[in-house]
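Topology and contacts: notes
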Amino acid sequence: MDRHFSEVAGAYNALRTTDIEPILLIRDTLGRRGSVRGIDVACGGGRYSQLLLEHVPGLALTLHDQNDAMLSEATRYLAEHGIEDVPTVEGDIADLEFPDAAFDAVFTFNAIHHFDPSMFLAKAARALSGDGRVFIYTRLREQNARSVWGQLFPSFAEREDRLYELAEVESWDGGSGSLGKPEIVQFEFQRRATLSELIHQARSRHYSTFSLYSPAELEQALAEFERAVRERFPDVDAIEWTDENVMIVYGSAAR
Ligand SMILES: C[S@@+](CC[C@H](N)C(=O)[O-])C[C@H]1O[C@@H](n2cnc3c(N)ncnc32)[C@H](O)[C@@H]1O
């Protein structure tokens, strides 16, 4: 999977759809603090890091990822947006130890399914200051199954077995209980794309799920996907569907 992220690093931000709503929720949850020390765990190409820095007042952000191509891309992407000198930490989150109470906010976007959530929450709990918050943005397994990919791309929902169900998220023991129960906020986004845009995204493996297919399997699945889309949507230049995500917030009720 690390090889997949090295291969897509340069194109990743452009291939994925980036939404502002989760960032506004973070801004509103953190409220008017004079300063916020945050870390974007598994920041990838930095598309959400950039939005965080733009919208969260007083944020001093550290970028983290295990993939050096992604971290370089994130640094380049922030510089392109006029943001320089952002510290970076490279390494598998499982191997890193952050100093106690080093952060007021720990963020992770679209990555919790790449590592063990209990390990992540335990590390986040230790790294957080007294009134700190953890923000985990992801899509649930059932949300993934309802997306255009889950419905029409052959075996997409079944192959993507790394995502969590809502009941699993609710059972996570936030940092051995010290983070309390999470607040879970649901998001819905109305999407519209052309068939050729969707095929381009899949062929470019914008979701790492597509790397779970061999090249031959991917081509065969794409042909079936195209047939299914043509059958479902009379106008393949205006394919519409709903994407769903959740933000899981720890620390909001318990602290
Ligand atoms: C799907 S991308 C999401 C990137 C970014 N947060 C975003 O939403 O655009 C997942 C990222 O997690 C990183 N990653 C996966 N496993 C990791 C681990 N164990 N420790 C640190 N980073 C990891 C990958 O290198 C990749 O950049």
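We now turn to the structure provided with this report. (Residues numbered from 1 in each chain as written. Predicted model: local features only at pLDDT ≥ 70, side-chain atom pairs only at ≥ 80, totals over all residues.)

1. Details of the nonpolar core
Selection criterion: Any nonpolar core is a set of buried residues, restricted to Ala, Val, Leu, Ile, Met, Phe, Trp, Tyr and Cys, that join up through C-beta atoms within 7 Å. With C-beta atoms placed from the backbone, a residue is buried if 20 or more other C-beta atoms are within 10 Å of its own, exposed if 12 or fewer are, and partly exposed between those counts.
Counting residues in hydrophobic clusters, the biggest one holds 50 residues, and the most contacted among them are L52, V106, F107, A124, V134 and F135. Ranked by size, the runner-up nonpolar core spans 11 residues in total, among them W149, F153, F210 and F225.

2. Quick look at the environment of T75
Operational definition: The numbering of helices and of strands both runs from the N terminus, where a helix is a DSSP run of H or I of at least 4 residues and a strand a run of E of at least 2. Here, residues touch in the contact sense if the C-beta positions derived from the backbone fall within 7 Å of one another.
Inspection of the secondary structure assignment puts T75 in helix α5 (residues 68-80). Since 20 C-beta atoms lie within 10 Å of it, T75 is described here as buried. In this structure, the C-alpha to C-alpha distance between T75 and E170, residues 95 residues apart in sequence, is 34 Å. Excluding its chain neighbours within four sequence positions, the residues that come into contact with T75 are V86 and T88.

3. Brief notes about the sheet that holds strand β5 (residues 128-138)
One key point about sheets: their strands pair by backbone hydrogen bonds, in either a parallel or an antiparallel sense. Keep this limit in mind: Strands qualify as paired when DSSP identifies two bridges or more between them. Throughout, an axis means a line fitted to C-alpha atoms (over the contacting stretch in the case of helices), and angles, computed between N-to-C directions, take values from 0 to 180 degrees.
If you trace the 7 strands from one edge of the open sheet to the other, you get β3-β2-β1-β4-β5-β7-β6, paired in mixed fashion. Where the open sheet ends on each side, the last strands, each with one partner, are β3 (88-90) and β6 (183-193). Averaged over all pairs of adjacent strands, the angle between strand axes in this sheet comes to 20°, irrespective of strand direction. Pairing between strand β1 (residues 36-41) and strand β2 (residues 59-65): 5 bridges, direction parallel. Following the sheet pairing, R37 is matched in β2 by A60. The sheet contacts of helix α4 (residues 47-55) involve β1, β2 and β4 (103-109), and relative to β2 the element is tilted by about 170°.

4. Section: the packing of α4 against α5
Convention followed: Working definition: roughly parallel below 35 degrees, roughly antiparallel above 145 degrees, roughly perpendicular at 65 to 115 degrees, and oblique for all remaining angles. Handedness of each helix crossing follows the sense of rotation of the near helix against the far helix: counterclockwise by less than a right angle gives left-handed, clockwise gives right-handed. Three classes are used, and their members are as follows: Ala, Val, Leu, Ile, Met, Phe, Trp, Tyr, Cys and Pro are nonpolar, Asp, Glu, Lys and Arg are charged, and the others, Gly among them, are polar.
The geometry of α4 relative to α5 is characterised by a closest axis approach of 9 Å and an angle of 40° between their N-to-C directions. Between α4 and α5, the crossing angle belongs to the class labelled oblique. At the point where α4 passes α5, the crossing takes the right-handed sense. Contacts between α4 and α5 pair R47, S49 and Q50 from the former with A74, Y77 and L78 from the latter. Its residues placed into classes, the contact of α4 with α5 shows 3 nonpolar, 2 polar and 1 charged.

5. Quick look at unusual backbone geometry
Of note in this structure, A42 is not a glycine but carries a positive phi near 60°. Residue class for A42 comes out buried when judged on the 22 C-beta atoms lying within 10 Å of it. Within the chain, D85 stands out as a residue other than glycine whose phi angle is a positive 55°. Position of D85 among the secondary structure elements: in the loop between α5 and β3.

6. Some details on α4
Burial runs high along α4: 7 of the 9 residues are buried. When we look at burial in α4, the residues that qualify are R47, Y48, S49, Q50, L51, L52 and L53. Buried residues along α4 sit against α2 (12-15), α3 (21-30), β1, β2, α5 and β4.

7. Topic: the packing of α3 against α4
When two helices pack together, you describe them by how their axes are tilted relative to each other and by the distance separating the axes. For the pair α3 and α4, the least separation of the axes is 10 Å and the interaxial angle reads 40°. Between α3 and α4, the crossing angle belongs to the class labelled oblique. In this structure, α3 crosses over α4, and the sense of that crossing is right-handed. Contact residues: I23, L24, I26 and R27 in α3; Y48, L51, L52 and H55 in α4.

8. Things to note about the pairing of β2
If a strand is regular, its side chains alternate between the two faces of the sheet. Threshold: By convention, orient the strands away from the viewer: a clockwise path from the first strand over the helix to the second makes the crossover right-handed.
β2 sits mainly inside the fold: 5 of its 7 residues count as buried. Where the polypeptide runs from β1 across α4 and back to β2, its parallel neighbour, the crossover connection is right-handed. As judged from the 3 bridges shared by β2 and β3, these two strands associate in the parallel manner. When the bridges of β3 are listed, H64 appears paired with V89.

9. Focus on the environment of G46
Mapping G46 onto the fold places it in the loop between β1 and α4. Separated by 123 residues in the primary sequence, G46 and V169 place their C-alpha atoms 25 Å from one another. Each residue touching G46, except ones within four places of it in the same chain, is listed here: L63, E73, A74, Y77 and L78.

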